[in-house]
Amino acid sequence: MIYLDNSATTRPYQDVLNAFVTINEQYYANPASIHEKGVEANQLLTRAREQIGEVLHTKGEHIIFTSGGTESNNLAIFGLTEQHQHIGKHIITTAIEHPSVLNPIAKLAEQGYEVTYLAVNKEGQISLKALQQALRKDTVLVSIMHVNNEMGAIQPIQAIARLVKTQSRAFLHVDAIQSFGKLPISFQDGMDVMTVSGHKIHALKGTGILAFANRPLLVPQLLGGGQEHGLRSGTVAVAQNVVLAKAMRIAKREQAMNEMKYRKYQHQLMEVLGCFQDVQMISTKQCAPHIITFSIKELRGEIIINALQKEGVIASTSSACSSKQQTESHVLQALKVDTAYRKGVVRLSLGSLLTDEEIQQACHKIKQVIASLKGE
Ligand SMILES: Cc1ncc(COP(=O)(O)O)c(C=O)c1O
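Residues numbered from 1 in each chain as written. Predicted model: local features only at pLDDT ≥ 70, side-chain atom pairs only at ≥ 80, totals over all residues. Heavy atoms only, no water.

(A) Seen up close, the site of the ligand. Taken together, 15 residues surround the ligand, and among them G69, T70, D175, S197 and K200 come closest. The contact in question runs from an oxygen atom of the ligand to an N or O atom on the backbone of G69, over 2.8 Å. The separation between an oxygen atom of the ligand and a polar side-chain atom of S197 is 2.7 Å. For the ligand, whose accessible area on its own is 390 Å², the fraction buried by protein is 88%. Among the elements that make up the shell around the ligand, the one with the highest residue count is helix α3 (residues 69-83) (3 residues). Tallied by class, residues from the shell around the ligand come to 3 nonpolar, 10 polar and 2 charged. (Near = heavy atom within 4 Å. Polar contact = N/O pair within 3.5 Å; in protein donor to acceptor, adjacent residues only side chain to side chain. Areas by Shrake-Rupley, 256 points an atom, 1.4 Å probe, with all protein chains shown as cover. Helix = DSSP H or I, 4+ residues; strand = E, 2+ residues; numbered from the N terminus. Nonpolar A, V, L, I, M, F, W, Y, C, P; charged D, E, K, R; others polar.)

(B) Layout of the packing of helix α2 (residues 36-56) against helix α7 (residues 238-253). Taken N-terminus to C-terminus, the directions of α2 and α7 make an angle of 25 degrees; their axes are 9 Å apart at the nearest point. Classed by the angle they form, the pair α2 and α7 counts as roughly parallel. Of the two elements, α2 crosses α7, and the hand of that crossing is left-handed. Mapping the contact onto sequence places A41, L44, L45, A48, Q51, I52, V55 and L56 in α2 and V238, N241, V242, A245, M248, R249 and K252 in α7. Class assignment of the residues belonging to the contact of α2 with α7 gives a composition of 11 nonpolar, 2 polar and 2 charged. (Axes fitted to C-alpha atoms, helices over the stretch in contact; angles between N-to-C directions. Parallel < 35°, antiparallel > 145°, perpendicular 65-115°, else oblique. Left-handed = near helix turned anticlockwise from the far one by under 90°. Contact = heavy atoms within 4.5 Å.)

(C) Main features of the pairing of strand β12 (residues 345-349). Among the 5 residues in β12, 5 count as buried, and that is most of the element. Inspection of the sheet shows strand β10 (residues 291-296) paired to β12 by 5 bridges, in the antiparallel sense. Across the sheet, the residue bridging to T293 is R347, located in β12. (Buried < 20%, exposed > 50% of the residue type's maximum accessible area, 1.4 Å probe, protein only. Pairing = 2+ DSSP bridges.)

(D) Local environment of the packing of helix α8 (residues 255-273) against helix α12 (residues 356-373). Relative to each other, α8 and α12 sit at 15 degrees, their axes nearing to 9 Å. With respect to each other, α8 and α12 are oriented roughly parallel. Handedness of the crossing formed by α8 with α12: right-handed. Only D356, I359, Q360, C363, I366, K367 and I370 of α12 make contact with α8, whose side of the interface consists of K264, Y265, Q268, L269, V272 and L273. The residue makeup of the contact of α8 with α12, split by class, is 8 nonpolar, 2 polar and 3 charged.

(E) Quick peek at the nonpolar core. Counting residues in hydrophobic clusters, the biggest one holds 67 residues, and the most contacted among them are L56, F65, L131, V142, F180, I209 and M248. The dominant element in this core, judged by the number of residues it contributes, is α7, at 10 residues. Counting contributing residues, this core receives three or more from each of domain 1 (2-9 + 255-373) and domain 2 (14-253). Each residue touching L56, except ones within four places of it in the same chain, is listed here: F180, I185, S186, F187, M194, I209, A211 and M248. Within the second largest apolar cluster, 31 residues are counted, among which are L273, F276, L308 and L348. (Core = buried A, V, L, I, M, F, W, Y, C linked by side-chain atoms within 4.5 Å. Domains from an automatic or database assignment.)

(F) Region of interest: the pattern of salt bridges. Throughout the structure, instances matching the rule amount to 12 salt bridges. Linking R347 and D5 is a salt bridge whose minimum nitrogen-to-oxygen distance equals 3.5 Å. Of this pair, R347 sits in strand β12 while D5 sits in the loop between β1 (2-3) and α1 (14-26), and the two are 342 residues apart along the sequence. Taking the shortest distance from any N to any O, the salt bridge between R136 and D138 comes out at 2.9 Å. Classification of R136 by relative accessible area gives partly exposed; the value is 28%. (Salt bridge = Lys/Arg side-chain N within 4 Å of Asp/Glu carboxyl O.)

Shown next, in the form of structure tokens:
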């Protein structure tokens, strides 16, 4: 089986799994307990926090552990807007964000917030000029993803941060779930708040962080025992978060090397897909290196996925989250993909465990499958 669905989720590293078991065996105490075992568990957690801080160029105290990307995005959006209501009730986002950003913002719109949705061009990029024009005195939050999960468009975060910081009082939140470990990204890029999810980087499902450039100031959305400086209650999952820190350090250390490897694989896969007349590339060479999204005219995505699976190649329709829903992807709509191509969208997404041989095999199989589906 050649697993090309790494943007949906990744296989945890064996080291991550081993460390998870060992830590649970020794450091199972509640890190909030004041006895020796609790103190030890808390020390481990504090070290993990500091390591994550180093990776992202911020302080350990500026990291909030959550249950994953969805919770982090919800916390950022609801927590920041509620805390900073005095700034105003205007939010800017893009038309192609993940539902875990779009849906909380839609909820705020129902409650009286005004939302500007920035459009994207055919490459999936926003216009900086449109952002500049959209920024207002009462803009409280700008939430823009670094890399789009359905087709890999990259937004210019440094330039966005410069605009937001010089022309407004708004907080800039960046969903970096699809970019962390694939492209360089840290607080040196100028955002205020960033989301990373564990299961996209070979750590465990149900883990993630909301990280801040400065001291976190937001209204908590989970109330309880006051963990995470009172910002996110709930007993903190020591082993899960320690291995998240481990996976983040590996991702950062290997980022440049993996980026090169993914570019090479992306090039090989795009070359194969380019041989067919009725195949349209939705990802471009300007997109992130690990996502290759394409569409076959007048064919359904599920048919292509099933045919690939029979040959041992695991892929998904444009996003795993919406692939079980029969609704048309909001990203394809925003990209204005021709309707004849909207149903046959397939996303191949790369991960660090892939080998040259697997990609060569995948290229061969994909060529065969498309040729047979097209009756060529
Ligand atoms: C860009 C993006 N944001 C948010 C999420 C949600 O993250 P999680 O699955 O950790 O809740 C995903 C997952 O698919 C994603 O790709």
